[in-house]
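For reference, the chains in residue letters:
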Amino acid sequence: MAEPQRIVIVGTGLAGASAAGALRDRGYGGKITMFGTEHHRPYELPALSKDVLLGKAAEPAWVHEQGFYADNEIELKLGVSVLDLRPGDHSIVDSDGAVRSYDRLLLATGSRPRVLPGAQGHVLRTIDDSLALKSNLREGRHVVIVGAGWIGCEVAAAARTHGCRVTVVDPLSEPLVRVLGTEMGLMFRGLHEEHGVEFKLGTGVASFSPSGVRLDDGTELLPDVTVLAVGATPRLELAEAAGLDLADGGVAVDATLRTSAPDVFAAGDIAAHDHPRYDGRVRVEHWANAKDQGTYVAGPLLELDEPYQKSPYFFTDQYDLGMEYRGLADPSDEVVVRGDLAKREFIAFWLRDGRLRAAMNVNVWDHGTALSKLVNAQATVTPDQLRDADLGSLV
């Protein structure tokens, strides 16, 4: 098939920007146009809940330098959204009213923060969100965080670092329990409680008001700052209206990130990927997935490359705890701990039917390569081997 002359990328987040850069790196000389609703050039999200919120950085990590897009003849349409995708005639309509044709199109629309009915408070998704929240994290202020997932926990750590009083509310039994299970959830809870965070677990929010938050158990909280950290919702409206197949909360894509529409691909948060390594589809809302899928999809856009097979990866930094997680496990899987859980210097492994599904290293940094190989291979190992053997010998 002839090289496409016009590639449209819908979304100026990490996935879209990584794809644009990778297309040029591969020598693609055709036209690339990117559409994004924000007015900032593409940037990465992790620093928003870490260094920017902590005051260690005044801005996020930009995906590319200021002049990259102009220098590489990538048309960057900031503050311009795509209103209509027409796969039948290979065209889109943008918010300026222009109709544009494409030969190939990448959907990388990302996610928006999930909100609760009647909710009032800060959300954290953009650089503007992060700077607005940081300006309110002042010593002595009471911060209530609704949601004890990754963003909720990272915001709690930042708020305590700024000297705020922090209360975290979640209807589940422990923070992060839906992802990591009870044992690891208890470990993160202990970390935050040692730093003065108060948890209200096993209860949700009954209502919001301009002055406070009322919980299901009748507790009234009167915060100075409320943060809503109850997850994200993939932006699927464009794909759904265009008639693309949806699955597992996202846009259904095959092993090479192709959607059900000819010449339309999807990457990042919205992509429900038919992953060769896992049973069924995988949809991941993390930095590494957006970066890796964006870089990878340049190949299929040019009719190149093998199926996308990278395992999910994410990381967090909270207080003096640093963590990396590789793979995809279920909280009900068998957990094996190597190292000192009490000191928070350990590696946790998740096993299912004797095969390694995921690994998480906490304040241990010597085994990253071995862990990646073991997880990618879904190695058959015993708990005793994981606790005591040289990890490199198990690959």
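Conventions and cut-offs
- Residues numbered from 1 in each chain as written.
- Predicted model: local features only at pLDDT ≥ 70, side-chain atom pairs only at ≥ 80, totals over all residues.
- Heavy atoms only, no water.
- Helix = DSSP H or I, 4+ residues; strand = E, 2+ residues; numbered from the N terminus.
- Rg over C-alpha atoms; globule rule 2.2 N^0.38 Å.
- Buried < 20%, exposed > 50% of the residue type's maximum accessible area, 1.4 Å probe, protein only.
- Contact = heavy atoms within 4.5 Å.
- Areas by Shrake-Rupley, 256 points an atom, 1.4 Å probe, with all protein chains shown as cover.
- Lys, Arg positive; Asp, Glu negative; His and termini not counted.
- Charge placed at Lys NZ, Arg CZ, Asp CG, Glu CD.
- 1 Å grid on protein atoms, 1.4 Å probe; cavity = no way out; pocket = protein on both sides within 12 Å on 5 of 7 lines; lining within 4 Å.
- Points joined across faces, edges and corners; volume = space filled by probe spheres on them.
- Nonpolar A, V, L, I, M, F, W, Y, C, P; charged D, E, K, R; others polar.
- Pairing = 2+ DSSP bridges.
- Salt bridge = Lys/Arg side-chain N within 4 Å of Asp/Glu carboxyl O.
- Polar contact = N/O pair within 3.5 Å; in protein donor to acceptor, adjacent residues only side chain to side chain.
- Axes fitted to C-alpha atoms, helices over the stretch in contact; angles between N-to-C directions.
- Core = buried A, V, L, I, M, F, W, Y, C linked by side-chain atoms within 4.5 Å.

*Asks:* Residue-level account of the overall build of the protein, with values.
*Replies:* Across its full length, the protein holds eleven helices and 26 strands. Expected size for 395 residues packed as a compact globule is a radius of gyration near 21 Å; at 22 Å, the protein falls within 12% of this value. Each principal axis of the C-alpha distribution contributes one length, and for the protein these read about 60 × 55 × 35 Å. Residue burial in the protein is summarised as follows: out of 395 residues, 51% are buried. By sequence separation, contacts in the protein at least 24 residues apart represent 61% of the contacts at least 6 residues apart. Carbon and sulfur atoms make up 46% of the accessible area of the protein, which amounts to about 16800 Å² in all. Positive and negative side-chain charges in the protein, numbering 39 and 56 respectively, have mean positions lying 1 Å apart.

*Asks:* Describe in detail the layout of surface pockets, supporting the description with residues and values.
*Replies:* If you roll a probe as big as a water molecule over the atoms, it shows you where there is empty space left. By volume, the second largest pocket is sized at about 170 Å³. Every residue along the wall of the second largest pocket is listed here: Ser49, Lys50, Asp51, Leu54, Lys56, Glu154, Ala157, Ala158, Thr161, Asp317, Gln318 and Tyr319. Broken down by secondary-structure element, the contributors of at least two residues to the lining of the second largest pocket are helix 2 (51-54), helix 5 (150-161) and strand 22 (313-318). For the lining of the second largest pocket, the per-class residue count stands at four nonpolar, three polar and five charged.

*Asks:* Describe the pairing of strand 15 (residues 225-228), with residues and values.
*Replies:* With burial as the criterion, each face of strand 15 is covered, one bearing Val225 and Val227 and the other bearing Thr226 and Leu228. Two elements, strand 9 (residues 142-146) and strand 15, share four bridges in a ladder whose sense is parallel. Its bridge partner lying in strand 15, Val144 is registered against Thr226.

*Asks:* Just give me the short version of the pairing of strand 22, but keep the residues and values in it.
*Replies:* The alternating pattern of strand 22 places Phe314, Thr316 and Gln318 on a buried face, while none of Tyr313, Phe315 and Asp317, on the opposite face, is buried. Here strand 22 pairs with strand 23 (residues 321-327) via six bridges, running antiparallel. Pairing of Gln318 across the sheet is with Leu321, part of strand 23. Where strand 22 hands over to strand 23, the hairpin turn is made up of two residues, of which Tyr319 adopts a positive phi near 55°.

*Asks:* So what's going on with the side chain of Arg41? Residues and values would help.
*Replies:* By the element assignment, Arg41 lies in the loop between strand 2 (31-36) and helix 2. Look at Arg41: it is buried, it has no salt bridge, and the nearest opposite charge is Glu65 at 4.9 Å. For Arg41, the side chain forms a polar contact with the main-chain oxygen of His64, separated by 3.1 Å. Reaching out from Arg41, the side chain makes a polar contact with the side chain of Gln66 at a distance of 2.7 Å. Those residues in contact with Arg41 that lie beyond four places of it in its chain are Trp62, His64, Glu65, Gln66, Tyr69, Leu76 and Leu78.

*Asks:* Go over the sheet that holds strand 9 with me, naming the residues and quoting the values.
*Replies:* One key point about sheets: their strands pair by backbone hydrogen bonds, in either a parallel or an antiparallel sense. With parallel pairing, four strands are arranged side by side in an open sheet as 11-10-9-15. Taken across any chain shown, the strands that pair with only one partner, and hence form the sheet edges, are strand 11 (198-201) and strand 15. Neighbouring strand axes in the sheet, compared pairwise and without regard to direction, differ in orientation by 20° on average. By the bridge criterion, five bridges tie strand 9 to strand 10 (residues 165-170) in an arrangement that is parallel. Looking at the pairing, Val143 lines up with Val166 of strand 10.

*Asks:* Go over the nonpolar core with me, naming the residues and quoting the values.
*Replies:* Leu105 and Leu107 are the most contacted members of the largest nonpolar core, which totals 49 residues. If you tally residues by element for this core, the top one is helix 1 (residues 14-25), at seven residues. Every residue in contact with Leu105, bar those within four places of it in the chain, is listed here: Val8, Val10, Leu85, Ile92, Asp263, Val264, Phe265 and Leu301. Counting residues in hydrophobic clusters, the runner-up holds 24 residues, among them Val143, Cys164, Val166 and Ala229.

*Asks:* If you had to explain the pattern of salt bridges to someone new, which residues and values would you point to?
*Replies:* Oppositely charged side chains can pair when the atoms bearing their charge come close. Applying the stated criterion across every chain yields a total of 22 salt bridges. With a shortest N-O distance of 2.9 Å, Asp333 and Arg352 are connected by a salt bridge. Residue Asp333 is found in the loop between strand 23 and strand 24 (334-340), and its partner Arg352 is found in strand 25 (residues 345-352); the two are separated by 19 residues along the sequence. Judged by relative accessible area, Asp333 falls into the buried class, the value being 8%. For Asp384, the salt bridge is made with Arg387, and the minimal N-O distance between the two is 3.1 Å. Of the two residues, Asp384 and Arg387 both sit in helix 11 (residues 383-388), three residues apart, roughly one turn of that helix. Residue Asp384 is classed as exposed on the basis of its relative accessible area of 52%.

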